[in-house]
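# Analysis of the macromolecular model
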Amino acid sequence: MLVLFLVAGANVFSYFLALSTIPAVVSAWMAGLEVSRYIVLAIIIIIYLILGCFLDAISMMVLTMPVIFPVIKALNFNPIWFGVICVIMMEAGLITPPVDSRVYLGRVAKDFP
């Protein structure tokens, strides 16, 4: 139920982001940086790893993709491979503390015969 509210709120959030053109401004700013595009990708990966400690994968995707995806397209990365990287980093974030939801499920299953 909580995830449903989070997804509904993220849909409203992405609608307002589209109206305010924040993703276009952010992607133009990040594409204009004088650093390698791989450094920007590494920063995005670290952000997803940290977010994975506190949010589930669906919530991360719905909240961050309206801003991150235009940046990826502006930096000329392949969107399909970026999707693969995102899924891997989101799942890696889910097995790190403090939330560590995958390990909790394993402990609960082991406690019951």
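Note: the structure precedes this text.
What comes next concerns the included structure. The shown structure was predicted, so the numbers you read here are calculated from the model rather than taken from an experiment.

### Observations regarding the overall build of the protein
Broken down by element type, the protein carries six helices and zero strands. Listed N to C, the secondary structure of the protein is α-α-α-α-α-α in terms of helices and strands. In the protein, which comprises 113 residues, the proportion classed as buried is 25%. Of all intrachain contacts in the protein linking residues separated by at least 6 positions in sequence, the fraction that spans at least 24 positions is 76%.

### Comments concerning the packing of helix α4 (residues 57-74) against helix α5 (residues 79-94)
At a closest axis distance of 12 Å, the pairing of α4 and α5 adopts a crossing angle of 145°. Along this stretch, α4 crosses α5, giving a crossing that reads as right-handed. Here A57, M60, M61, M65, I68, F69 and I72 of α4 lie close against α5, whose contacting residues are P79, F82, C86, M90, E91 and L94. Partitioned by chemical class, the residues of the contact of α4 with α5 number 12 nonpolar, no polar and one charged.

### Observations regarding the side chain of T64
Within the secondary structure, T64 sits in helix α4. A distance of 2.7 Å separates a polar atom in the side chain of T64 from a polar atom in the side chain of Y48. When sequence neighbours within four positions are dropped, the list of residues in contact with T64 reads Y48 and L51.

Conventions we followed
- Per chain, residue numbering runs from 1 following the sequence as it is written.
- Predicted model: local features are reported for residues with pLDDT of at least 70 only, side-chain atom pairs are reported and counted for 80 or more only, and whole-chain, interface and lining totals are derived from all residues.
- Side-chain calculation: all heavy atoms of the structure are included, whereas hydrogens and water are not.
- Helical segments are the DSSP runs of H or I of at least four residues, strand segments are the runs of E of at least two, and each set is numbered from the N terminus.
- Think of it in three bands: with a 1.4 Å probe and only protein chains considered, a residue is buried below 20% of the maximum accessible area for its type, exposed above 50%, and partly exposed in between.
- Note on definitions: a residue-residue contact is assigned when non-hydrogen atoms from the two residues lie within 4.5 Å.
- Each axis is a line fitted through C-alpha atoms, taken for helices only over the stretch in contact, and angles between the N-to-C directions span 0 to 180 degrees.
- Each crossing gets its hand from how the near helix is turned against the far one by less than a right angle, where anticlockwise is left-handed and clockwise is right-handed.
- Residue polarity is assigned by list, with Asp, Glu, Lys and Arg as charged and Ala, Val, Leu, Ile, Met, Phe, Trp, Tyr, Cys and Pro as nonpolar; anything else, Gly included, falls into the polar class.
- The term polar contact refers here to a pair of N or O atoms within 3.5 Å; inside protein, the definition further demands a hydrogen-donor-capable atom paired with an acceptor-capable atom, and it admits residues adjacent in sequence only when both atoms are side-chain atoms.

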